[in-house]
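Listed below, chain by chain, are the residues.
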Amino acid sequence: EMCIRDSKISYAKIPNTVAYNSTIDLEARMLYVILSCLQGPNDFCYPSIRWMSEKCNCKRTKISRLLKVLTENNLIERIKDPVARKTVTKVYKI
């Protein structure tokens, strides 16, 4: 599995539970691949909705819907700020 991040090539391993999950549409699975390519050694990534929408060539509302699908299926976790007790919009754990 390969993805291109800017001009560098990086790789992501996609679990079979994601790759062959027919209950999740292909767009959501592709967004998972993009997020996986961005994750660091601690399994976190920090892309903005705007950046994801530009890379996926779709509206921000669609990215938000896809993130919701991935979150509801426990494939990603949106991290909450323990001090502010709210979701940090740009932090995702794969």
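To be clear, the structure that these remarks concern was listed above.
Residues numbered from 1 in each chain as written. Predicted model: local features only at pLDDT ≥ 70, side-chain atom pairs only at ≥ 80, totals over all residues. Heavy atoms only, no water.

A word on the side chain of S36
Then, in step 1: Locating S36 in the fold gives a position in helix α2 (residues 26-38).
Then, in step 2: What S36 contacts, discounting residues up to four positions off in sequence, is A12, I14 and I94. (Helix = DSSP H or I, 4+ residues; strand = E, 2+ residues; numbered from the N terminus. Contact = heavy atoms within 4.5 Å.)

Topic: the packing of α2 against helix α3 (residues 49-56)
Then, in step 1: With their axes 11 Å apart at the nearest point, α2 and α3 run at an angle of 120° to one another. Accordingly, the angle class assigned to the pair α2 and α3 is oblique. Pair α2 / α3 crosses with right-handed handedness. In this structure, α2 uses L31, I34, L35 and L38 to contact α3, whose residues at the interface are W51, M52 and C56. (Axes fitted to C-alpha atoms, helices over the stretch in contact; angles between N-to-C directions. Parallel < 35°, antiparallel > 145°, perpendicular 65-115°, else oblique. Left-handed = near helix turned anticlockwise from the far one by under 90°.)

Concerning the nonpolar core
Then, in step 1: Membership of the largest hydrophobic core comes to 24 residues, with the highest contact counts inside it found for L31, Y32, L35, M52, L67, L70 and I76.
Then, in step 2: Listing elements by their share of this core, those giving two or more residues are α2, α3 and α4 (60-72).
Then, in step 3: At 8 residues, the largest contribution of residues to this core is made by α2.
Then, in step 4: Contacts of L67, omitting those with residues within four sequence positions, involve L31, L35, I49, M52, I76, R78 and Y92. (Core = buried A, V, L, I, M, F, W, Y, C linked by side-chain atoms within 4.5 Å. Buried < 20%, exposed > 50% of the residue type's maximum accessible area, 1.4 Å probe, protein only.)

Brief notes about the environment of I14
Then, in step 1: One can find I14 in the loop between β2 (8-11) and α1 (16-19).
Then, in step 2: In this structure I14 comes out as buried when scored by relative accessible area, which is 14%.
Then, in step 3: A sequence separation of 19 residues divides I14 from V33, and the C-alpha atoms of the two residues are 6.9 Å apart.

Here we look at the state of the cysteines
Then, in step 1: Within the structure shown, the criterion is met by 0 disulfides.
Then, in step 2: For the unlinked cysteine C56, the closest cysteine sulfur is that of C58, found at 5.1 Å.
Then, in step 3: Judged by relative accessible area, which is 27%, C56 ranks as partly exposed.
Then, in step 4: Residue classification places C58 among the partly exposed residues on the basis of a relative accessible area of 23%. (Disulfide = S-S within 2.5 Å.)

Some remarks on α2
Then, in step 1: An ideal rise of 1.5 Å per residue puts 18 Å on 13 residues; α2 measures up with 19 Å between its terminal C-alpha atoms.
Then, in step 2: Among the 13 residues that make up α2, 10 are buried, leaving the element largely enclosed by the rest of the structure. (Expected span 1.5 Å × (residues − 1).)

Some thoughts on the environment of N42
Then, in step 1: Within the fold, N42 resides in the loop between α2 and β3 (44-45).
Then, in step 2: Sequence separation of N42 and K93 is 51 residues, and the distance between their C-alpha atoms is 8.4 Å.
Then, in step 3: Here F44 takes part through its backbone nitrogen, which lies 3.1 Å from a polar atom of the side chain of N42. (Polar contact = N/O pair within 3.5 Å; in protein donor to acceptor, adjacent residues only side chain to side chain.)

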